[in-house]
Amino acid sequence: MAKRIGILGGTFDPVHIGHLRGALEVAEQFGLDELRLIPSARPPHRNTPQVSAADRLAMVEQAVAGLPPLTVDDRELRRDKPSYSIDTLESLRAELAPEDQLFLLLGWDAFCGLPTWHRWEELLDHCHILVLQRPDADSEPPESLRDLVAARSINDPQALTGPSGHIAFVWQTPLEVSATQIRQRLASGRSVRFLVPDAVLAYINAHGLYRAPTN
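Just so it is clear, the structure is predicted and the values come from calculations on it, not from any experiment.

About the criteria used
- Residues numbered from 1 in each chain as written.
- Predicted model: local features only at pLDDT ≥ 70, side-chain atom pairs only at ≥ 80, totals over all residues.
- Heavy atoms only, no water.
- Pairing = 2+ DSSP bridges.
- Helix = DSSP H or I, 4+ residues; strand = E, 2+ residues; numbered from the N terminus.
- Axes fitted to C-alpha atoms, helices over the stretch in contact; angles between N-to-C directions.
- Contact = heavy atoms within 4.5 Å.
- Salt bridge = Lys/Arg side-chain N within 4 Å of Asp/Glu carboxyl O.
- Buried < 20%, exposed > 50% of the residue type's maximum accessible area, 1.4 Å probe, protein only.

A. Main features of the sheet that holds strand β6 (residues 167-171). Taken in spatial order, the six strands line up as β3-β2-β1-β4-β5-β6 in an open sheet, and their pairing is parallel. The two strands at the open ends of the sheet, each matched to only one other strand, are β3 (70-72) and β6. Going from strand to strand, the sheet's axes swing by 30° on average, the running direction of each strand aside. Across five bridges, strand β5 (residues 128-133) lies against β6 in parallel orientation. Within β6, the residue paired with L132 across the bridge is V170. Helix α1 (residues 17-29) contacts β1 (4-10), β2 (34-39), β3, β4 (101-107), β5 and β6 of the sheet and is inclined by roughly 150° relative to β2. Strand contacts of helix α3 (residues 85-95): β1, β2 and β4, with the helix running at about 155° to β4, the strand carrying the most contacts.

B. Structural view of the pattern of salt bridges. Here the structure, examined in full by the defined rule, presents 12 salt bridges. For R21, the salt bridge is made with E25, and the minimal N-O distance between the two is 3.1 Å. In this pair, R21 and E25 both sit in helix α1, four residues apart, roughly one turn of the helix. A relative accessible area of 14% means that E25 is categorised as buried. Between E34 and R36 there is a salt bridge, with the nearest N and O atoms lying 3.3 Å from each other. The class for R36 is buried, based on a relative accessible area of 13%. Among the charged side chains, a network of salt bridges with common partners joins E34, R36, D73, R75 and E95.

C. Seen up close, the environment of R183. In this fold, R183 is placed in helix α6 (residues 179-187). If we ignore the near neighbours within four places in the chain, the residues touching R183 are D13, P14, Q50 and Y210.

This is the structure we're talking about:
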């Protein structure tokens with residue numbers, strides 16, 4: 001029986017309910033055996049995370065504890081180089097059976113930026129791509145992606161077959177939560193209760209993360 005594995009990468013600086021709710025919805029919708037949250041060490045397209053890799057990993061571990069099928073995969077943090085998704089997919093594929101399905105979850109903005117990614121044309125050789133969209137989204141993919149979408153997308157996400165090769169668009173419950181907003185609230189001394197899991201908030205408080213420096 002082929003396994004169905006999802007992966008969601010990010011800096012998770014910090015992990016919040018938007019990440020977790022989106023991941024859980026996809027895991028349920030697609031009957032995933034496992035959905036791995038993969039914290040990135042040195043993301044090539046984003047600013048350096050505000051807190052350490054060890055803290056970000058610990059927060060994700062706290063967030064998914066007792067919440068199967070969500071799990072944590074720290075392989076990018078163990079690499080001493082930028083976190084390229086193609087490298088992660090290749091290493092995952094080497095561990096899976098050829099028939100296992102691998103799903104890469106991407107938000108709309110990340111998907112639109114794919115042509116700037118390292119060896120992006122090879123991603124679909126290793127996985128299906130699930131593009132997470134809000135019901136009120138009315139964006140069109142950039143010109144550089146339209147041929148790929150036309151050739152590889154399918155209308156019914158549930159009809160994805162085979163281990164890799166296709167793109168599907170998945171509607172998500174809109175949650176207006178961002179890590180930037182959470183960091184700003186913490187720096188100004190405001191509450192982030194219910195924006196992050198209680199265990200993550202307890203870790204942030206215990207380690208004094210994201211607080212404005214005091215003189």
